[in-house]
Amino acid sequence: YVFSRGTPLSRVIEEMRRLMEKNLMTLWSQRLEGLPFASPMEALILASIVEKEAWLESEKPLIAGVYINRLRRNMLLQADPTVIYGLSGGKGELGRPLVRSDLMKINPFNTYRIKGLPPTPIASPSLSSLKAVLINPEKTNALFFVADGKGGHHFSAHYHHHKKNITKLREIQKTSLQPKV
(Lines give C-alpha, C1' and ligand atoms only; values in the text may rest on other atoms or scores of the structure.)
Protein backbone atom coordinates (compact mmCIF):
# COMPACT_ATOMS: atom_id res chain seq x y z
CA TYR A 1 0.00 0.00 0.00
CA VAL A 2 1.14 3.52 -0.71
CA PHE A 3 -0.37 6.38 1.26
CA SER A 4 0.64 9.98 1.80
CA ARG A 5 1.75 11.04 5.26
CA GLY A 6 -1.29 12.13 7.24
CA THR A 7 -3.77 9.87 5.43
CA PRO A 8 -6.58 9.21 7.90
CA LEU A 9 -6.54 5.73 9.41
CA SER A 10 -10.13 5.19 8.28
CA ARG A 11 -9.01 5.69 4.64
CA VAL A 12 -6.14 3.21 5.09
CA ILE A 13 -8.48 0.62 6.58
CA GLU A 14 -11.06 1.18 3.84
CA GLU A 15 -8.43 0.73 1.12
CA MET A 16 -7.16 -2.46 2.74
CA ARG A 17 -10.73 -3.78 2.98
CA ARG A 18 -11.45 -2.84 -0.66
CA LEU A 19 -8.33 -4.60 -1.95
CA MET A 20 -9.03 -7.70 0.15
CA GLU A 21 -12.59 -7.88 -1.22
CA LYS A 22 -11.30 -7.44 -4.77
CA ASN A 23 -8.73 -10.23 -4.27
CA LEU A 24 -11.35 -12.46 -2.67
CA MET A 25 -13.81 -12.03 -5.55
CA THR A 26 -11.07 -12.57 -8.16
CA LEU A 27 -9.93 -15.77 -6.45
CA TRP A 28 -13.53 -16.88 -5.87
CA SER A 29 -14.12 -16.71 -9.64
CA GLN A 30 -10.98 -18.84 -10.20
CA ARG A 31 -11.51 -21.30 -7.31
CA LEU A 32 -11.06 -25.03 -7.64
CA GLU A 33 -14.21 -26.99 -8.28
CA GLY A 34 -15.72 -28.98 -5.45
CA LEU A 35 -14.57 -26.86 -2.52
CA PRO A 36 -16.90 -27.03 0.50
CA PHE A 37 -17.80 -23.32 0.50
CA ALA A 38 -21.26 -21.95 -0.23
CA SER A 39 -20.05 -18.36 -0.45
CA PRO A 40 -16.95 -16.17 -0.67
CA MET A 41 -17.50 -15.29 3.02
CA GLU A 42 -17.05 -18.94 4.02
CA ALA A 43 -13.78 -19.07 2.08
CA LEU A 44 -12.69 -15.81 3.76
CA ILE A 45 -13.45 -17.28 7.20
CA LEU A 46 -11.35 -20.38 6.51
CA ALA A 47 -8.53 -18.24 5.05
CA SER A 48 -8.52 -16.22 8.29
CA ILE A 49 -8.08 -19.44 10.29
CA VAL A 50 -5.25 -20.57 8.00
CA GLU A 51 -3.64 -17.13 8.43
CA LYS A 52 -3.60 -17.47 12.22
CA GLU A 53 -2.65 -21.16 12.23
CA ALA A 54 0.30 -21.15 9.80
CA TRP A 55 3.65 -19.82 10.98
CA LEU A 56 5.36 -21.01 7.81
CA GLU A 57 4.12 -19.69 4.46
CA SER A 58 4.96 -23.04 2.89
CA GLU A 59 2.48 -24.85 5.17
CA LYS A 60 -0.57 -22.75 4.29
CA PRO A 61 -1.76 -24.99 1.40
CA LEU A 62 -1.37 -28.11 3.55
CA ILE A 63 -3.19 -26.57 6.53
CA ALA A 64 -5.95 -25.45 4.15
CA GLY A 65 -6.10 -29.00 2.77
CA VAL A 66 -6.53 -30.47 6.25
CA TYR A 67 -9.36 -28.09 7.12
CA ILE A 68 -11.05 -28.72 3.78
CA ASN A 69 -10.84 -32.47 4.48
CA ARG A 70 -12.43 -31.88 7.87
CA LEU A 71 -15.23 -29.74 6.42
CA ARG A 72 -15.97 -32.39 3.79
CA ARG A 73 -16.22 -35.06 6.50
CA ASN A 74 -18.37 -32.86 8.75
CA MET A 75 -15.67 -33.06 11.44
CA LEU A 76 -14.95 -30.40 14.01
CA LEU A 77 -12.23 -28.06 12.75
CA GLN A 78 -10.60 -27.92 16.20
CA ALA A 79 -8.62 -24.78 15.34
CA ASP A 80 -6.84 -23.29 18.34
CA PRO A 81 -6.89 -19.74 16.91
CA THR A 82 -10.71 -19.79 16.89
CA VAL A 83 -10.71 -20.69 20.58
CA ILE A 84 -8.27 -17.87 21.32
CA TYR A 85 -10.38 -15.43 19.30
CA GLY A 86 -13.54 -16.36 21.20
CA LEU A 87 -11.90 -16.23 24.62
CA SER A 88 -10.07 -12.96 23.98
CA GLY A 89 -13.10 -11.14 22.64
CA GLY A 90 -11.46 -10.82 19.25
CA LYS A 91 -8.19 -9.36 20.55
CA GLY A 92 -6.29 -12.40 19.32
CA GLU A 93 -4.01 -12.95 22.31
CA LEU A 94 -4.68 -14.58 25.67
CA GLY A 95 -1.30 -13.86 27.23
CA ARG A 96 -1.04 -17.54 28.18
CA PRO A 97 -1.14 -20.94 26.50
CA LEU A 98 -4.47 -22.61 25.90
CA VAL A 99 -5.50 -25.19 28.48
CA ARG A 100 -7.89 -28.11 28.09
CA SER A 101 -10.73 -26.28 29.88
CA ASP A 102 -10.50 -23.48 27.26
CA LEU A 103 -11.37 -26.01 24.57
CA MET A 104 -14.59 -26.93 26.38
CA LYS A 105 -15.94 -23.38 26.71
CA ILE A 106 -18.91 -22.73 24.48
CA ASN A 107 -18.87 -19.66 22.27
CA PRO A 108 -19.70 -19.17 18.57
CA PHE A 109 -16.00 -19.23 17.60
CA ASN A 110 -14.86 -22.35 19.45
CA THR A 111 -14.45 -24.92 16.68
CA TYR A 112 -13.78 -27.61 19.27
CA ARG A 113 -17.45 -27.22 20.26
CA ILE A 114 -19.22 -26.06 17.08
CA LYS A 115 -19.26 -27.86 13.73
CA GLY A 116 -18.31 -25.97 10.63
CA LEU A 117 -16.93 -22.48 10.39
CA PRO A 118 -17.26 -19.72 12.98
CA PRO A 119 -19.68 -16.87 12.15
CA THR A 120 -17.03 -14.36 11.02
CA PRO A 121 -13.35 -14.22 10.09
CA ILE A 122 -10.94 -14.22 13.03
CA ALA A 123 -8.25 -12.19 11.25
CA SER A 124 -7.55 -10.38 8.03
CA PRO A 125 -6.07 -13.08 5.80
CA SER A 126 -3.15 -12.44 3.50
CA LEU A 127 -3.36 -13.06 -0.22
CA SER A 128 -1.35 -16.26 0.29
CA SER A 129 -3.93 -17.60 2.77
CA LEU A 130 -6.77 -16.78 0.37
CA LYS A 131 -4.91 -18.59 -2.42
CA ALA A 132 -4.18 -21.57 -0.15
CA VAL A 133 -7.90 -21.98 0.51
CA LEU A 134 -9.34 -21.23 -2.94
CA ILE A 135 -6.67 -21.95 -5.54
CA ASN A 136 -4.04 -24.34 -4.20
CA PRO A 137 -5.16 -26.27 -1.12
CA GLU A 138 -2.92 -29.29 -0.94
CA LYS A 139 -4.53 -32.61 -1.76
CA THR A 140 -3.73 -34.66 1.29
CA ASN A 141 -5.14 -37.49 3.33
CA ALA A 142 -4.12 -35.65 6.53
CA LEU A 143 -6.87 -34.85 9.00
CA PHE A 144 -4.72 -33.73 11.92
CA PHE A 145 -1.79 -31.49 12.68
CA VAL A 146 0.04 -30.27 15.74
CA ALA A 147 2.93 -27.87 16.25
CA ASP A 148 6.37 -29.43 15.92
CA GLY A 149 8.01 -27.09 18.45
CA LYS A 150 10.13 -25.45 15.74
CA GLY A 151 7.59 -23.18 14.04
CA GLY A 152 6.01 -25.78 11.78
CA HIS A 153 3.63 -28.68 12.20
CA HIS A 154 3.49 -32.47 12.10
CA PHE A 155 0.63 -33.71 9.88
CA SER A 156 -1.09 -37.08 10.09
CA ALA A 157 -3.96 -38.98 8.53
CA HIS A 158 -4.70 -41.15 11.57
CA TYR A 159 -5.59 -40.13 15.09
CA HIS A 160 -3.13 -42.55 16.73
CA HIS A 161 -0.26 -40.88 14.81
CA HIS A 162 -1.63 -37.49 15.84
CA LYS A 163 -1.58 -38.55 19.50
CA LYS A 164 2.08 -39.57 19.12
CA ASN A 165 2.86 -36.16 17.62
CA ILE A 166 1.12 -34.46 20.54
CA THR A 167 3.25 -36.51 22.95
CA LYS A 168 6.40 -35.38 21.09
CA LEU A 169 5.31 -31.75 21.39
CA ARG A 170 4.61 -32.14 25.12
CA GLU A 171 8.13 -33.55 25.60
CA ILE A 172 9.63 -30.60 23.72
CA GLN A 173 7.56 -28.20 25.84
CA LYS A 174 8.65 -29.90 29.08
CA THR A 175 12.29 -29.76 28.02
CA SER A 176 12.08 -26.09 27.10
CA LEU A 177 10.60 -25.29 30.53
CA GLN A 178 13.45 -27.04 32.36
CA PRO A 179 16.03 -24.65 33.83
CA LYS A 180 19.32 -24.66 31.93
CA VAL A 181 22.22 -25.90 34.07
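Anything mentioned here points back to the structure above.
Predicted, not measured: the structure shown is a model, and the values here were computed from it. (Residues numbered from 1 in each chain as written. Predicted model: local features only at pLDDT ≥ 70, side-chain atom pairs only at ≥ 80, totals over all residues. Heavy atoms only, no water.)

Caption draft 1: Here's a closer look at the layout of surface pockets. Computed from the structure, the largest pocket encloses a volume of approximately 1600 Å³. Around the largest pocket, the lining is made up of 46 residues, and of these Glu-53, Asp-80, Leu-98, Tyr-112 and Leu-169 lie nearest the centre. The set of elements that each furnish at least two residues to the lining of the largest pocket consists of helix 2 (40-53), helix 3 (60-72), helix 4 (80-87), helix 5 (100-104), strand 1 (144-147) and helix 7 (159-177). By residue number, the principal contributor to the lining of the largest pocket is helix 7, which donates eight residues. Here the lining of the largest pocket is built from residues that sort into 26 nonpolar, nine polar and eleven charged. Lining the second largest pocket, in full, are Tyr-1, Ile-13, Met-16, Arg-17, Leu-19, Met-20, Asn-23, Ser-124, Pro-125, Ser-126, Leu-127 and Leu-130. Those elements that provide at least two residues to the lining of the second largest pocket are helix 1 (9-30) and helix 6 (127-134). At six residues, the largest contribution of residues to the lining of the second largest pocket is made by helix 1. Here the residues of the lining of the second largest pocket are counted per class, giving eight nonpolar, three polar and one charged. (1 Å grid on protein atoms, 1.4 Å probe; cavity = no way out; pocket = protein on both sides within 12 Å on 5 of 7 lines; lining within 4 Å. Points joined across faces, edges and corners; volume = space filled by probe spheres on them. Helix = DSSP H or I, 4+ residues; strand = E, 2+ residues; numbered from the N terminus. Nonpolar A, V, L, I, M, F, W, Y, C, P; charged D, E, K, R; others polar.)

Caption draft 2: Main features of the packing of aromatic side chains. In total, this model carries five aromatic pairs according to the counting rule given. With centroids separated by 6.2 Å and ring planes inclined at 20°, the aromatic side chains of Tyr-1 and Phe-3 adopt a geometry described as stacked. Judged by its relative accessible area of 59%, Tyr-1 is exposed. Site record: aromatic cluster; members linked through ring pairs are Tyr-67, Phe-145 and Phe-155. The ring of Trp-28 is capped by Arg-31, whose NZ or CZ atom sits 3.7 Å from the centre of that ring. (Phe/Tyr/Trp six-rings, centres within 6.5 Å; stacked < 30°, edge-to-face > 60°. Buried < 20%, exposed > 50% of the residue type's maximum accessible area, 1.4 Å probe, protein only. Lys NZ or Arg CZ within 6 Å of the ring centre and 35° of its normal.)

Caption draft 3: Broad picture of the pairing of strand 2 (residues 153-156). Both strand 1 and strand 2 contribute to a ladder of four bridges, which runs antiparallel. Following the sheet pairing, Val-146 is matched in strand 2 by His-154. Adjacent in sequence and paired antiparallel, strand 1 and strand 2 are bridged by five residues, among which Gly-149 carries a positive phi angle near 85°. (Pairing = 2+ DSSP bridges.)

Caption draft 4: Summary view of helix 2. The terminal C-alpha atoms of helix 2, which comprises 14 residues, lie 20 Å apart, in line with the 20 Å expected from a rise of 1.5 Å per residue. For helix 2, the buried fraction is high: ten of the 14 residues fall into the buried class. Within helix 2, the full set of buried residues consists of Pro-40, Ala-43, Leu-44, Ile-45, Leu-46, Ala-47, Ser-48, Ile-49, Val-50 and Glu-53. (Expected span 1.5 Å × (residues − 1).)

Caption draft 5: Summary view of the nonpolar core. Counting 32 residues, the largest nonpolar core has Phe-37, Leu-46, Ile-49, Tyr-67, Val-133 and Leu-134 as its most contacted members. Counting residues per element, the ones that place at least two in this core are helix 1, helix 2, helix 3 and helix 6. The dominant element in this core, judged by the number of residues it contributes, is helix 2, at seven residues. Setting aside anything within four residues of it in sequence, one finds Tyr-67 in contact with Leu-46, Ile-49, Val-50, Glu-53, Leu-77, Ala-79 and Phe-145. (Core = buried A, V, L, I, M, F, W, Y, C linked by side-chain atoms within 4.5 Å. Contact = heavy atoms within 4.5 Å.)

Caption draft 6: Structural view of the packing of helix 1 against helix 2. Packing of helix 1 against helix 2 brings their axes to within 10 Å, and their N-to-C directions diverge by 110°. The angle between the axes of helix 1 and helix 2 places the two elements in the roughly perpendicular class. Where helix 1 crosses over helix 2, the handedness of that crossing is right-handed. Here Met-20, Leu-24, Met-25 and Trp-28 of helix 1 lie close against helix 2, whose contacting residues are Pro-40, Ala-43 and Leu-44. Class assignment of the residues belonging to the contact of helix 1 with helix 2 gives a composition of seven nonpolar, no polar and no charged. (Axes fitted to C-alpha atoms, helices over the stretch in contact; angles between N-to-C directions. Parallel < 35°, antiparallel > 145°, perpendicular 65-115°, else oblique. Left-handed = near helix turned anticlockwise from the far one by under 90°.)

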